[in-house]
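Chain residues, written in single-letter form:
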Amino acid sequence: MFEGIMRGLSEAIKGMRGKGKITEANIQEGLRQVRTALLEADVNFNVVNEFIERVKGQALGQQVMRSLDPSEQIIKIIYEELVRLMKGEVEKPEPLFHFAKDRPTVLMLCGLQGSGKTTTCAKLAMLLRDRHGKKPLLVAADLQRPAAVEQLKTLGEQLGIPVYAEGPAQPGGKGPNPVSVCNNAAAHARSAGYDVIILDTAGRLHIAEMPMEELKQIDRQVRPDDVFFVCDAMTGQDAVNSAKAFDDALDLNGVILTKLDGDARGGAALSIKQVTNVAIKFMGVGEKLSALEEFVPERMAQRIMGQGDVWSIIEKVQRVQQELSAEEIEAQRKKLEKGDFNLDDFRKQFTQMAKMGGMKDMLGSMPGMGDLIPEGEDPDVAIKRIQGIIDGMTKEERKNPDVIDLSRRRRIAQGSGTEPHNIKQFLNQFAQVRVIMRQIANMSMMDRLKMLMGMGKSGMIGPGGSLPKAKIGTGHRKTAKERADERKKKRKRDK
Amino acid sequence: MVFGALFSKIKQGLAKTRSLFSSIAQLFSFKGRVDQKFLDELEKRLYLADVGTYATQEIVARVKQAYLDKEVSGEMVAFVKDQLKSMLTAPSQGIAFAPSGPTVILVAGVNGAGKTTSIAKLAKYCQGQGKTVCVAACDTFRAAAVEQLTIWSQRLGCEIVKNQQGSDPASVAHDACEKTKARNFDVLIVDTAGRLHTQTHLMKELDKIRRIVIKQIPGAPHEVLLVLDATAGQNAILQAENFKKTIACTGIILAKLDGTAKGGAIFGIKQKLDLPVKFVGLGEGLDDLEVFNPTEYVEKLFED
């Protein structure tokens, strides 16, 4: 996702590197490329132009700090502006949900046809149950699309979450209508003890008068506590038009961006907040019903700019670790601190993460780990392969991967149906993971933040940049000559 | 077919939405010389219609070259329209029916593009040409997708071949081919599950369905249609690229053109992939499918 912005930005930045001072002339070409990259990513034309102007204005007005390269300063400006664009200028963020106090909370989802409302309803219900401890009820209020009610019922069954439905509409206006279904569902929820109801409304065009009027009626009568606009991340320039029209009609509380697991650059994410001032609250990142994540502007900005998204990894790891007992966590932490995070631990965590779903985007967002799953391969297959490789090792090899030589690699390859070079590749990748794990374990919250910022720079300057290399003790103090050699090598590498 | 009625439908679809493009018309009613400000404005209008960097830059450059410092004139409007048209595909001939035996149409696209609805409309279109139609419900993944197509087939009075949710879509395709041959249907339309073009394993599954069809019926699939959402932006080009690579698409159905989106990505798709637009979807009704005509498309964009 967002490769386009990434590539455009990093190319632009390359051109700015090494310039002593920020002048209009030397950032002009870079900003032109940033502009094209953002347009290609479907960011709204007007939003792009404003964005470029702001970046330019800030860059030119900025004091050049002696210790910083101007390009580094611009990176920081672009990052801050991206965050500002998606976050708006608010002191404290809106809560995710406005839970009602004296009655069941009502959430209403609306949007164009095919944006992913029904699936998102089910995902939200699951999230509310599993992470907010709620007792949700799904409401099938899409009587327009054939079998939409059936679809929600099936999803509800899969999750074990009840669905309120009154059957499809009858021709001639007889039978249930969406407004009465929603009203009845709210009454039912109150008497049956549900605390959240989620209304799945039919997809509709923002310019279609009657259907929009129907939504307004539901809004007036059922009084939803939150109205979410569901928007396909692949939407082009029109995203702001539809979002604005729905906001005008219903006063939206949030936007849910869907289908972000593809290669949509998601320019809509940048535009909608700017134009409607409605915050993006969640993003859909897969077909699994657990694939709904909270939208964090900083994280998205970092992702746009092209470095691994360590923050979300930390959060996910934390979530997985809730399943582990406290002692196990303590034991793991100690192990991590000592730096002897071995393949056994890796396999354990890996399997746990796989259980959580979203493995691929997690790996993808972890510096240096995206390679574990080759481009386009079924993540499940790749995960199985990696598990196979680890399973093919002896206890000793798992504890101490350094002992794995060519003949051992051959054996493991044969046992796991892979090639010896796959094993080598995997071990190299594992070595990187181990370094990261050790770093994270030893870090305070502040340091983790700092690392993120540091990575921002490495990601921007070298596309596909990785974590700053951790210093690993060599066991002896280096001589001046060794240090000079190292510097030389480093310079060569950086070129 | 009555072409007047056809076009008026496109016009209706675009009528609700012309506000944006009508400002292109406004732009041309501007009196004065073509200067940088004028060109910037033209660029903006094209970008806002999702026309994309390539086509936009191309048109702006051509206008600049031919008309810079000249008066804005009717001749120039015609010039811009011609340039736009030349960047689109030739008028669509609709479905290329097999000269003998059944015609197989495979339909694919990303999630929520509008495949199932487009298939229902396409079936109606084929019925209108006097053909008997069978549909294959190969979207066995999404909850209730089979039910959705079943309801449409009942409304259309056409045959449907289906299996339970979660069953192998290739086997449904196989059964559908058998049935089509055995009962001499003229047209078989194969619905498939929505998939993102980046999901290689699902793209392989799609290819498998295609290979089954090839094996079962000579010359099939006669059409492989990709359904694109007109509201999609430049990502539509990537979609078209990957789907074309995997299943050799023969054309595009541009769905949801009745909104405010213009589907300008088709310019980029034509330029990069030379994939023609065959139909446009203009509403939720069974009759809201039209054969694509580039002249009409461009004309209506400019009409005030």
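Structure: see above.
Residues numbered from 1 in each chain as written. Chains lettered and ligands numbered in written order. Predicted model: local features only at pLDDT ≥ 70, side-chain atom pairs only at ≥ 80, totals over all residues. Heavy atoms only, no water.

Engineer: Looking at this structure, how should I read the environment of A:P224?
Structural biologist: Residue and element names in this part refer to chain A. With respect to the secondary-structure elements, P224 resides in the loop between α8 (209–222) and β5 (226–232). Residue classification places P224 among the buried residues on the basis of a relative accessible area of 14%. When the C-alpha positions of P224 and R409 are compared, they lie 60 Å apart, and in sequence the two are 185 residues distant. In this view, P224 contacts V106, M108, I218 and D219; residues no more than four positions away in its chain are not counted. (Helix = DSSP H or I, 4+ residues; strand = E, 2+ residues; numbered from the N terminus. Buried < 20%, exposed > 50% of the residue type's maximum accessible area, 1.4 Å probe, protein only. Contact = heavy atoms within 4.5 Å.)

Engineer: What should I look at first to understand the pattern of salt bridges in this one?
Structural biologist: Evaluation of the coordinates by the stated rule reveals 29 salt bridges over all chains. A salt bridge links A:K216 to A:E213, with the nearest nitrogen and oxygen atoms 3.9 Å apart. Separated by three residues within a single helix, A:K216 and A:E213 lie in helix α8, roughly one turn from each other. Using a relative accessible area of 29% as the deciding quantity, one classes A:K216 as partly exposed. Two residues, B:E205 and B:R195, come together in a salt bridge whose shortest N-O distance is 3.0 Å. Placement of the pair is B:E205 in helix α9 (residues 200–216) and B:R195 in the loop between β4 (187–192) and α9, with a sequence separation of 10 residues. A single salt-bridge network, built from bridges that share partners, covers A:R54, A:E81 and A:R84. (Salt bridge = Lys/Arg side-chain N within 4 Å of Asp/Glu carboxyl O.)

Engineer: Whenever I open this one, the interface of chain A and chain B confuses me. Can you help?
Structural biologist: Many descriptions give the size of an interface as the accessible area lost when the pieces come together. Listed by partner, the interface residues are 41 residues for chain A and 44 residues for chain B. The junction of chain A with chain B conceals about 3,400 Å² of combined surface from both sides, 55% of it contributed by carbon and sulfur atoms. Contact with chain B buries surface across chain A, with A:P146, A:M234 and A:E287 losing the most and accounting together for 18% of the total. The tally of links from chain A across to chain B stands at one salt bridge. Notably, a salt bridge pairs A:R35 with B:E43, separated by 3.4 Å at the nearest N-O pair. (Buried area = accessible area lost by both parts, 1.4 Å probe.)

Engineer: Explain the nonpolar core here, please?
Structural biologist: The nonpolar side chains of a soluble globular protein tend to be buried with one another. Ranked by size, the top nonpolar core spans 192 residues in total, and within it A:L124, A:I198, B:L122 and B:I189 carry the most contacts. No other element matches helix α4 (residues 70–87) of chain A, which puts eight residues into this core. Once residues within four sequence positions are removed from consideration, B:I189 is found in contact with B:I105, B:V107, B:I119, B:L122, B:A123, B:V133, B:C134, B:V135 and B:A136. Counting residues in each nonpolar core, the second largest holds 14 residues, with A:I386, A:I389, A:I404 and A:F426 among its members. (Core = buried A, V, L, I, M, F, W, Y, C linked by side-chain atoms within 4.5 Å.)

Engineer: Looking at this model, I keep getting lost on the pairing of β5(A). Mind explaining?
Structural biologist: Moving residue by residue along a regular strand, the side chains alternate between the two faces of the sheet. Residue and element names in this part refer to chain A. Extensive coverage of β5 is indicated by the burial of seven of its seven residues. Of the two faces of β5, the one lined by D226, F228, V230 and D232 and the one lined by V227, F229 and C231 are each fully buried. Across five bridges, strand β1 (residues 105–111) lies against β5 in parallel orientation. Residue pairing in the sheet places G111 in a bridge with V230 of β5. As defined by bridge partners, β5 adjoins strand β6 (residues 254–258) across five bridges and the pair is classed as parallel. (Pairing = 2+ DSSP bridges.)

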